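What follows is the residue order along each chain.
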Amino acid sequence: MSSIEELIKSKNPFAGHSVVRPLQIWGKGFPDVPSINAHASDAVFDAVAKVRRGERQTVGITITAEKGLGKSHIISRIRHHYQANSDALFVYMSKYDNLNQIKAKFINNVTTSLRAFGSQGVMQWQEIAAALINEAKNWNYTPKQYIASFPNWLRKYSNKLVDRLTNLVLQVKPDIDDPYIVTAILWTLSPSHAPYATHWLSGLELSQTQAETMGLPNPKREDREVEAFNKARQILDIISDYRVPIICFDELDSLDIDENGFTLAQLIASLTKDLYNTLKRGVFLLAMYAETWTYQVRVLPNAEAAMARLVSERTDMQPLKLGYLNSDNVIDLVSHWLKEFYGENQQKPPYPLYPFDESKLRDMGKQKPTLRSVIRWCAENFKLADNRKPQKNIVELCFETELDGIKRNIDVLSEENNNEIAEALKLAFSTLRQQTIEGVTIDEVKEIQGNSQGYIHFKIVGTENKQAVKIGVAVLEQSGGRYQGAALKRLIDYERFDLTRGCLVRSKTINPGARVAQQCVGILLTEKGGEWVLLQEQDIKPLLAILSVYQNRESYELSEEQIFDFIEQKKLAINNPLIREILSDPSGQEPDNLTDEDLPMRVPQNVSDVADGIELNV
């Protein structure tokens, strides 16, 4: 058997790729055929060029299409285009956990997006930080040169360095309202401080030690939505002095509503209108179904004002529509994917579309298929004519795709993923009803009543030694001492929340300065018979991957039953060490191998020569 036949039997380039995931937008994208729906991406490229030339300040573009036509493929194309050059910075939002705090979620997504690498091979934050210093000092150094120099600069000037640089920047940018935003952006050039700087820029709380070391005030918990909007606006205005911000909102078709009765699409339309009216420069891109535009956006109060900004380049006030594929599109798409697949595996096929029949692909194109349906068909039919080897379960292919993407994400245990981790655990436990693990027979997984802030994520109800057991589970990756204290106070209030045991899931130590949190942990472990379970990446990644498959089951065209069967067959939940540890008898001790929350924050104290030839006099 030839090596190309072995390759086809062992790998499937289309499997699990019928849905574009956020990690594929940020990381390695799908093979793209730029001619497919080029009018949509070209509209964004043209808008960015106009803003850059000063012909427009802000431009709004909305794309509508039915499910599977390729909205997210267009977004991926745009992201990767601007990753290769320095014209624009890309901000992407596709997950909306709490519709009542949409602005706080937006600032979080702005910060997360700018952590992605830009055209210079560093975080987009670091590109902006370098640009700020270059303008203030009239220099032309690269971000990588600044990053290499920063540790020695800190040894020479201590943490006063960033205060002095901030003052230099403010002298050339007197219109900046909040100097602490500049301070935090400059801290991203320090490898040991960058994670904490971006954490603060997200509107989240630092530990007292971190805040004092970096000279950053912790945010007030009241008026968080107003504060988040103002911070986001100022960050985007600073960015726009150097790059055109492209602010993209995807996955807007949820029917969930906020406490005032507005849908997700309506909230984002209003947010976009506000940003459009207040930002110095920017391009806004929204992607949704045509029905969402018609029945949600167009019925807003003052809908014309919103639509005029969401489709600002269209005189007819209508979004751009994506088209179905034709036969030529199908051939271009499949041949492009196969060319990349065979090239990566150093194989030369007998003909470009091998092992597919061109006539079958052209016939498919005559039916005006969606991009998703073509990729799914290819996944199901990528095999040799005589291949009798059973194909992998479709759920497994989707799971492997999601897991591969998560393994590329080095920030799995970040605070931003806290609720996603909790949801992954909740899903896993919900598949284990009526099973006995570590002596606990699980009856059900329940929401916590009276838990509006979400401090305790769920409750496992069952029996242990013929006694009722109710385990409250709180995932707590947050750094702020106030939040930690509030969550742990609730976790030890067994009577109020109807618990028999509290379980804290966390990867990091709790800062010694967080006195309330430290006191509550002591009570949980020594007085309440509770447990602190160590959260580790290798345990949670498979659960996050299957959660992502579950959340996107409609797009993957999978049923809940198929996914639960796969979880059971692969023993993803029942054999997961984290699941078993949550159910096991509490040890009454803090876990070993916790990450020291403040360890990377120590500022070098010894004075030495400045590195890399950049002489800094501040």
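What counts and what doesn't
Residues numbered from 1 in each chain as written. Predicted model: local features only at pLDDT ≥ 70, side-chain atom pairs only at ≥ 80, totals over all residues. Heavy atoms only, no water. Helix = DSSP H or I, 4+ residues; strand = E, 2+ residues; numbered from the N terminus. Rg over C-alpha atoms; globule rule 2.2 N^0.38 Å. Buried < 20%, exposed > 50% of the residue type's maximum accessible area, 1.4 Å probe, protein only. Contact = heavy atoms within 4.5 Å. Areas by Shrake-Rupley, 256 points an atom, 1.4 Å probe, with all protein chains shown as cover. Lys, Arg positive; Asp, Glu negative; His and termini not counted. Charge placed at Lys NZ, Arg CZ, Asp CG, Glu CD. Pairing = 2+ DSSP bridges. Axes fitted to C-alpha atoms, helices over the stretch in contact; angles between N-to-C directions. Arc of directions from axis to C-beta. Right-handed = clockwise from strand over helix to strand, strands pointing away. Core = buried A, V, L, I, M, F, W, Y, C linked by side-chain atoms within 4.5 Å. Salt bridge = Lys/Arg side-chain N within 4 Å of Asp/Glu carboxyl O. Phe/Tyr/Trp six-rings, centres within 6.5 Å; stacked < 30°, edge-to-face > 60°.

(A) Geometry of the overall build of the chain. The helix and strand inventory of the chain stands at 27 helices and 11 strands. Relative to the globule expectation of 25 Å for 618 residues, the C-alpha radius of gyration of the chain, 26 Å, shows essentially globular dimensions. Across its three principal axes, the chain shows a C-alpha extent of roughly 70 × 70 × 55 Å. Each of the 618 residues in the chain was classed as buried or not, and the buried ones make up 56%. A sequence separation of at least 24 residues applies to 74% of the contacts in the chain between residues at least 6 apart. Accessible surface, the chain: about 27,000 Å² in total, of which carbon and sulfur atoms supply 46%. Side-chain charges of the chain comprise 71 positive and 81 negative groups, with the mean position of each set lying 2 Å from the other.

(B) Main features of the sheet that holds strand β10 (residues 501-506). On the basis of which strands lie adjacent, the open sheet formed by six strands has the order β6-β7-β8-β9-β10-β11 and mixed pairing. Two strands bound the open sheet, and with one partner strand each, they are β6 (436-437) and β11 (531-534). Judged from the four bridges that link them, β10 and β11 form a sheet pairing that is parallel. What sits directly across from R506, in β11, is L534. Contacts from helix α20 (residues 418-430) reach β7 (440-446), β8 (458-464), β9 (467-475) and β10, with the element oriented near 30° to β8.

(C) Region of interest: the sheet that holds strand β2 (residues 88-93). As summarised here, the arrangement of the five strands in space is β2-β3-β4-β1-β5, forming an open sheet in which the pairing is parallel. At either margin of the open sheet sits one strand with a lone partner, and together these are β2 and β5 (320-321).

(D) Just helix α26 (residues 560-569), in detail. Those residues of α26 not exposed but buried are I563, F566 and I567. For α26, the angular spread of the buried residues around the axis is 100°, confining them to a single face. Exposed side chains of α26 directed beyond 90 degrees from the buried face belong to E561, E568 and Q569. The elements touched by buried residues of α26 are α19 (394-407), α24 (537-551) and α25 (553-556).

(E) A look at the pairing of strand β3 (residues 244-249). Counting buried residues along β3, six of its six residues qualify, which places the element largely inside the surrounding structure. Covered by surrounding structure in β3 are V244, I246 and C248 together with P245, I247 and F249, the residues of both alternating faces. In this sheet, β3 lies alongside β2 in parallel orientation, the contact comprising six bridges. Counterpart to Y92 in the pairing with β3 is C248. Both β3 and strand β4 (residues 282-288) contribute to a ladder of four bridges, which runs parallel. For I246, the partnering residue across the bridge sits in β4 and is V283. What joins β3 to β4 is helix α13 (residues 264-278), and the crossover it makes is right-handed.

(F) Up close: the nonpolar core. F106 and F249 are the most contacted members of the largest nonpolar core, which totals 80 residues. At eight residues, α13 tops the list of elements feeding residues into this core. Listed in part, the 59 residues of the second largest apolar core include I8, A40, A287 and Y354.

(G) Region of interest: the pattern of salt bridges. Applying the stated criterion to the full structure yields 30 salt bridges. Between R77 and D32 there is a salt bridge, and its shortest N-O distance comes to 2.7 Å. Within this pair, whereas R77 is found in helix α4 (residues 71-83), its partner D32 is found in the loop between α2 (22-26) and α3 (38-53), the two being separated by 45 residues in sequence. Looking at D32, the relative accessible area reads 24%, which means it is partly exposed. Between K426 and E447 there is a salt bridge, with its nearest N and O atoms 2.1 Å apart. Taken together, the residues span a long stretch of sequence, with K426 in helix α20 and E447 in the loop between β7 and β8 at a distance of 21 residues. Taking the relative accessible area as the measure of exposure, K426 reaches 18% and is therefore buried. Salt bridges sharing common partners tie together E135, K173, D175, D241 and K280.

(H) Looking closely at the environment of D237. Among the structural elements, D237 can be located in helix α12 (residues 224-240). The class for D237 is buried, based on a relative accessible area of 11%. Separated by 42 residues in the primary sequence, D237 and L279 have C-alpha atoms spaced 6.1 Å apart. Not counting residues up to four positions away in its chain, the partners in contact with D237 are T278, L279 and K280.

(I) A look at the packing of aromatic side chains. Applying the stated criterion across every chain, the model contains 20 aromatic pairs. Seen from their ring centres, F45 and Y82 are 5.8 Å apart, and the 70° between their planes marks the pair as edge-to-face. With a gap of 37 residues between them, F45 in helix α3 and Y82 in helix α4 connect regions that are remote in the sequence. Judged by relative accessible area, which is 5%, Y82 ranks as buried. Centre to centre, the rings of F106 and F249 are 5.7 Å apart; their planes meet at 35°, and the pair counts as tilted.

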